[in-house]
Amino acid sequence: MGSFQVLFVALFVTALAFDLSFVDANFSKSMYFNWGAHHSSILGNGDDLELVLDPTSGSGIQTKKSFLFGSIEMLIKLVPRNSAGTVTAYYLSSTGSMHDEIDFEFLGNVSGQPYTIHTNIYTQGNGNREQQFKLWFDPTADFHNYTIHWNPTEVVWYIDSIPIRVFRNYENEGIAYPNKKGMRVYSSIWNADNWATRGGLVKIDWYSAPFVARFRHFRARACKWSGPISIYQCASKSPANWWTSPVYSQLSYGKKGQLKWVRDNYMIYDYCKDTKRFQGNMPPECFKPQF
């Protein structure tokens, strides 16, 4: 066998060994209901999902596999009209008391009032890193793309390819980062009227039920979690691990401009500015550049 053929085979075997799992799949193949299946449904060819909240219960779905690094995306059309007290969630999470988690949560509101986009990140069981936004469009009128991009350098939350938040890796300075646990993808809708709308002042109007959130085009271009060996495999710099490319280590100039536009015009809460909440003892990442 010639040297070129040997090199080709070696590269091919390496790619298989890392098995980054481009999950170009649908809900029926990649996910299952973990509650509320009796009134929710996967439709069409398995590419469409409806999650329902009514007086009997909410509902949720999760992936069969866990991932460590990559890009997770979903098209979502939120509950229309009076959605006050409801929360539609889309997030990544590991399990256990020391779990990692990366959140998108959509807090409903009364008719005509905007949704609140609630983001958070947990590392080793610790959260309290909330940032909240209003939107520049009506998220109930059509489907929009919500993506979580996660690599060894940073986590980026995107809406329609526009970055809204970044959390960078400062683990070498003692700040925990989600890079050692595989996480599954979850979506759910549930009753959170004790806190979701105006701090719990506005309750769910059950006469408006059922509340239906619609999902489409789930994609996970991500590294399959195969146990502790994945900590190295999924973070190693190789062509298969596209998320480790230098181009994804930091936002481009143009993306930083988009991020600034969102944060200047649509951000309504940032934990790093809430000195009263933390009584002046601010989380250490608040003193580090994130983008």
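Presented here is a report on the structure given in the accompanying data block. (Residues numbered from 1 in each chain as written. Predicted model: local features only at pLDDT ≥ 70, side-chain atom pairs only at ≥ 80, totals over all residues. Heavy atoms only, no water.)

This part covers the packing of aromatic side chains. Each aromatic ring pair is summarised here by two numbers: the centre-to-centre distance and the angle between the ring planes. Tallying each qualifying case throughout the model produces 16 aromatic pairs. Their ring planes at 5° and their centres at 5.9 Å tell us that phenylalanine 104 and phenylalanine 106 sit as a pair that is stacked. Its relative accessible area of 0% is what places phenylalanine 104 among the buried residues. Its relative accessible area of 0% is what places phenylalanine 106 among the buried residues. Measuring from ring centre to ring centre gives 4.9 Å for phenylalanine 106 and tyrosine 146, while their planes differ by 70°; the resulting arrangement is edge-to-face. (Phe/Tyr/Trp six-rings, centres within 6.5 Å; stacked < 30°, edge-to-face > 60°. Buried < 20%, exposed > 50% of the residue type's maximum accessible area, 1.4 Å probe, protein only.)

Charged atoms that come close allow side chains of opposite charge to pair. Per the counting criterion, the structure on display carries nine salt bridges. Between glutamate 171 and lysine 180 there is a salt bridge, and its shortest N-O distance comes to 2.6 Å. (Salt bridge = Lys/Arg side-chain N within 4 Å of Asp/Glu carboxyl O.)

Relative to the elements of secondary structure, histidine 149 occurs in strand 11 (residues 144-150). Accessibility expressed as a relative area gives 6% for histidine 149, which makes it buried. Excluding residues within four positions of it along the chain, histidine 149 makes contact with Gly70, Ser71, Glu154, Val155, Val156, Tyr158, Trp242, Trp243 and Tyr248. (Helix = DSSP H or I, 4+ residues; strand = E, 2+ residues; numbered from the N terminus. Contact = heavy atoms within 4.5 Å.)

Moving on to the pairing of strand 14 (residues 184-191). Along a regular strand, successive side chains alternate from one face of the sheet to the other. Bridge count between strand 5 (residues 59-63) and strand 14: four bridges; the pairing is antiparallel. Following the sheet pairing, isoleucine 61 is matched in strand 14 by serine 187. Of the pairings in the sheet, the one linking strand 7 (residues 86-93) to strand 14 comprises eight bridges and is antiparallel in character. Within strand 14, the position partnered with threonine 88 by the bridge is isoleucine 189. (Pairing = 2+ DSSP bridges.)

Before going further, it helps to examine the environment of glutamate 50. With respect to the element layout, glutamate 50 can be found in strand 4 (residues 48-53). Residue glutamate 50 is classed as partly exposed on the basis of its relative accessible area, which comes to 21%. For glutamate 50 and isoleucine 117, which are 67 residues apart along the polypeptide, the C-alpha to C-alpha distance reads 20 Å. Among residues more than four places away in sequence, those in contact with glutamate 50 are Ser40, Ser41, Leu43, Val212, Ala213 and Arg214. Only 3.2 Å separates the side chain of glutamate 50 from the side chain of arginine 214, close enough to count as a polar contact. (Polar contact = N/O pair within 3.5 Å; in protein donor to acceptor, adjacent residues only side chain to side chain.)

The subject of this paragraph is helix 4 (residues 253-265). The end-to-end C-alpha separation of helix 4 is 19 Å, in line with the 18 Å expected for 13 residues at 1.5 Å each. Taken as a whole, helix 4 has its buried residues at Leu259, Val262 and Arg263. Summarising the axial view, the buried residues of helix 4 lie within an arc of 90°, below the 170-degree limit, and thus occupy one face. Facing away from the buried side of helix 4 by more than 90 degrees, the exposed set consists of Tyr253, Lys260 and Asp264. Turning to helix 4, the residues buried within the fold contact strand 10 (131-133), strand 13 (162-168) and strand 16 (267-270). (Expected span 1.5 Å × (residues − 1). Arc of directions from axis to C-beta.)

Our next topic: the state of the cysteines. Applying the stated criterion across every chain yields a total of two disulfides. Through a disulfide, cysteine 223 is tied to cysteine 234; the S-S separation comes to 2.1 Å. Here the S-S torsion is close to -75°, and the disulfide linking cysteine 223 with cysteine 234 is therefore left-handed. Highlighted residues: cysteine 223 in strand 15 (residues 211-224) and cysteine 234 in the loop between helix 3 (229-233) and helix 4, separated in sequence by eleven residues. Side by side, cysteine 223 and cysteine 234 carry an identical accessibility label, which is buried. The residue that forms a disulfide with cysteine 272 is cysteine 286, at a sulfur-sulfur distance of 2.0 Å. The sign of the -80° torsion about the S-S bond sets the cysteine 272-cysteine 286 disulfide as left-handed. Taken together, the residues cysteine 272 in the loop between strand 16 and helix 5 (275-278) and cysteine 286 in the segment after helix 5 connect sequence positions 14 residues apart. (Disulfide = S-S within 2.5 Å.)

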